[in-house]
Amino acid sequence: MSKFPCKTTLAVSALLGATAYAVAQMSTGGPMGMHGPVQQGDMMSQMHSQMMQHQGGMHGGMNDNMNGGMGMHGSMHGQQFAVTGAPISPGQDAFGTIQEIVQILQSDPKTDWSKVNIDALRQHLIDMNEVTIHAAATPRLLDNGIEFTVTGEGRTLEAVKRMVPAHVNELRETGWRATSDDLPNGVKLTVLASEAQPLIKLKALGFMGIMVQGGHHQPHHLMMATGQFPMH
Ligand SMILES: [Cu+2]
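Each value, and the rule that gives it
- Residues numbered from 1 in each chain as written.
- Predicted model: local features only at pLDDT ≥ 70, side-chain atom pairs only at ≥ 80, totals over all residues.
- Heavy atoms only, no water.
- Core = buried A, V, L, I, M, F, W, Y, C linked by side-chain atoms within 4.5 Å.
- Buried < 20%, exposed > 50% of the residue type's maximum accessible area, 1.4 Å probe, protein only.
- Helix = DSSP H or I, 4+ residues; strand = E, 2+ residues; numbered from the N terminus.
- Contact = heavy atoms within 4.5 Å.
- Axes fitted to C-alpha atoms, helices over the stretch in contact; angles between N-to-C directions.
- Salt bridge = Lys/Arg side-chain N within 4 Å of Asp/Glu carboxyl O.
- Pairing = 2+ DSSP bridges.
- Donors = N, O, S within 2.8 Å, 3.2 Å for Na, K, Ca; no water.
- Tetrahedral: all angles 85-135°; square planar, octahedral: opposite > 155°, others 65-115°.
- Expected span 1.5 Å × (residues − 1).
- Polar contact = N/O pair within 3.5 Å; in protein donor to acceptor, adjacent residues only side chain to side chain.

**Let's talk about the nonpolar core**
- Counting 21 residues, the largest nonpolar core has Val164, Leu189, Val191, Phe207 and Ile210 as its most contacted members.
- Counting only elements with at least two residues in this core, the list comes to β2 (145-151), α7 (155-173), β4 (186-192) and α8 (199-211).
- Apart from the residues lying within four places of it in its own chain, the contact partners of Leu189 are Ile146, Glu147, Phe148, Val164, Val168, Thr179, Phe207 and Ile210.
- Counting 10 residues, the second-largest nonpolar core is a separate cluster that includes Ile98, Leu105, Val116 and Ala225.

Right under this line is the structure:
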């Protein structure tokens, strides 16, 4: 996670300027509920995070902003480094995700601190880490789809049992033909091919490529932190 290949680092640098444009738009009353002036530290942190979302497979509006912003703001990244020399990496991705959410909540005067639950978000980020890094996923090819036996032990097993069925619900809402079945030591995830998701693509995506589909984690993380969303 901390070892980005050089190509990624270059892409990240190129994206940051455009991301500032997207964040600037969001900070003027956008969907994240930002209000008031955005401090530069917050801004840099959000730029970083937004860029991560982009890499995570965001589609639609964000990409439009990215493309639209590149021409006008492509040089902003370099200028900001030249002025501040300030590092932007939080050092650990779950740490950075929580830091970003806390900054969003602190920037919003409407935040209801009686409902905020950062530990719920932390537990979910641990789930994400367990499923991403430690779960075993054994694929089996079907005639018209692919089946993954996703297993783990202890904390990993808990994470698999929470995250995989929850993700199946998200997939189904966006037209994927996915199901999950409980196993004693994990979950069986079955994804059937469709016109939009042909078998050759499912094979190439594998378990993790399927788990990252959709952009629901980012908004859900904010909802979890504000007590509006059950942990998944
Ligand atoms: Cu998540």
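The rest of the description comes next.
**Examining the packing of helix α6 (residues 118-134) against helix α9 (residues 217-225)**
- At a closest axis distance of 7 Å, the pairing of α6 and α9 adopts a crossing angle of 145°. In contact with Ile118, Ala120, Leu121, His124, Leu125 and Met128 of α6, α9 contributes His217, His221, Met224 and Ala225.

**Side note on the environment of Asp181**
- Note that Asp181 resides in strand β3 (residues 177-183).
- Along the primary structure Asp181 and Thr149 are separated by 32 residues, whereas in three dimensions their C-alpha atoms are 9.5 Å apart.
- Not counting residues within four places of it along the chain, the set of residues in contact with Asp181 comprises Val187 and Lys188.

**What about the environment of Asn144?**
- Counting through the fold element by element, Asn144 comes out in the loop between β1 (136-141) and β2.
- Spatially, the C-alpha atom of Asn144 lies 5.6 Å from that of Ala193, the residues being 49 residues apart in sequence.
- If near-sequence neighbours (up to four positions away) are discounted, Asn144 is found in contact with Leu192, Ala193 and Leu199.

**Structural notes on the pattern of salt bridges**
- Under the defined criterion, the tally for this structure stands at 7 salt bridges.
- Its salt-bridge partner being Asp127, residue Arg162 comes within 2.6 Å of it at the nearest N-O pair. You can see Arg162 sitting in helix α7 and its partner Asp127 sitting in helix α6, a full 35 residues away along the chain.
- You can call Arg162 partly exposed: its relative accessible area is 29%.
- Of the residues examined, Asp127 reaches a relative accessible area of 0% and is grouped as buried.
- Glu158 is paired through a salt bridge with Arg162; the nearest N and O atoms lie 3.5 Å apart.

**Quick notes on the sheet that holds β4**
- A sheet is described by the order of its strands in space; here 4 strands give the open sequence β1-β2-β4-β3, paired in antiparallel fashion. Looking at strand neighbours, the two that pair on one side only are β1 and β3, the edges of this open sheet. This sheet shows a mean twist of 20° between the axes of neighbouring strands, independent of strand direction.
- Direction of pairing for β3 relative to β4: antiparallel, over a ladder of 7 bridges. Note on β4: the bridge partner recorded for Asp182 is Val187.
- Relative to β2, α8 is tilted by about 15°, and along the sheet it contacts β1, β2 and β4.

**Some points on the coordination of the copper ion**
- At this site the copper ion is bound by His124 (NE2), Met128 (SD), His217 (ND1) and His221 (NE2), with donor distances of 1.9 to 2.4 Å.
- Around the copper ion, the 4 donor atoms are arranged such that angles at the metal cover 95 to 127°; this shape is classified as tetrahedral.
- Read from N- to C-terminus, the donor residues coordinating the copper ion fall into the pattern H-x3-M-x88-H-x3-H. Remark: His217 occurs in helix α9 and His124 occurs in helix α6; sequence separation between them is 93 residues. Assigned by exposure class, His124 and His217 land together as buried.

**With respect to α6**
- Taking 1.5 Å per residue, 17 residues should reach 24 Å; α6 reaches 23 Å between its end C-alpha atoms and fits that length.
- If you follow the buried residues of α6, they end up packed against α5 (93-107), α7, α8 and α9.
- Capping of α6 at its N-terminal end is provided by Asn117; its side-chain oxygen lies 3.3 Å from the backbone amide nitrogen of Asp119.

**Some thoughts on the environment of Phe148**
- Among the structural elements, Phe148 can be located in strand β2.
- Between the C-alpha atoms of Phe148 and Thr138, which are 10 residues apart in sequence, the distance is 5.3 Å.
- What Phe148 contacts, discounting residues up to four positions off in sequence, is Thr138, Pro139, Val187, Lys188, Leu189, Gly206, Phe207 and Ile210.

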